[in-house]
Amino acid sequence: MEQFFCNYGLNPAFLDQINKSKLSVTGVDFEGEVRVVELSDHPFYVATLFLPQVASNPETPHPLIVSYLEAAVAFQTQRSS
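Keep in mind the model is a prediction, meaning the values are calculated, not measured.

Participant: Whenever I open this one, the overall build of the protein confuses me. Can you help?
Facilitator: When helices and strands are tallied, the protein shows 2 helices and 3 strands. The secondary structure elements of the protein, listed N-terminal to C-terminal, are α-β-β-β-α. What you see for the protein is a C-alpha radius of gyration of 15 Å, clearly larger than the 12 Å of a compact globule of 81 residues, by over 25%. Along the longest, intermediate and shortest principal axes, the C-alpha atoms of the protein span 45 × 30 × 15 Å. Burial status across the protein gives 11% buried among its 81 residues. Partitioning the contacts of the protein with sequence separation of at least 6, the portion at a separation of at least 24 is 26%.

Participant: Can you walk me through the pairing of strand β1 (residues 23-28) in this structure?
Facilitator: On any regular strand, side chains alternate: one points to one face of the sheet, the next to the other face. Bridge count between β1 and strand β2 (residues 34-39): 5 bridges; the pairing is antiparallel. Bridge pairing in β2 places valine 25 opposite valine 37. In sequence, β1 turns back onto β2 through a hairpin of 5 residues, with glycine 32 there showing a positive phi of about 85°.

Participant: Before we go on, may I ask you to explain the sheet that holds β2 in this structure?
Facilitator: The pairing of strands in a sheet happens through backbone hydrogen bonds and is either parallel or antiparallel. The 3 strands are arranged β1-β2-β3 in an open sheet whose pairing can be described as antiparallel. The sheet terminates laterally at β1 and β3 (46-48), the two strands that pair on one side only. Recorded for the sheet is a direction-independent mean angle of 25° between the axes of neighbouring strands.

What counts and what doesn't
- Residues numbered from 1 in each chain as written.
- Predicted model: local features only at pLDDT ≥ 70, side-chain atom pairs only at ≥ 80, totals over all residues.
- Heavy atoms only, no water.
- Helix = DSSP H or I, 4+ residues; strand = E, 2+ residues; numbered from the N terminus.
- Rg over C-alpha atoms; globule rule 2.2 N^0.38 Å.
- Buried < 20%, exposed > 50% of the residue type's maximum accessible area, 1.4 Å probe, protein only.
- Contact = heavy atoms within 4.5 Å.
- Pairing = 2+ DSSP bridges.
- Axes fitted to C-alpha atoms, helices over the stretch in contact; angles between N-to-C directions.

Okay, structure coming up:
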């Protein structure tokens, strides 16, 4: 469950095209509206229509923020090798 402050969304007319591409719908709201997409062939590409930083703090960081930081560290480590 995430807070949602966006007035935008995915035009349903393009959902079939998106599902046939490398872009995957990975999160929807209670009405089935797309809220999260990911790019399958990218190490970390996530687009959300919610604000993970709102639910994040130093003691309990949001899992999406943690995953982003882990991906950044892995990328830098790989790049430095």
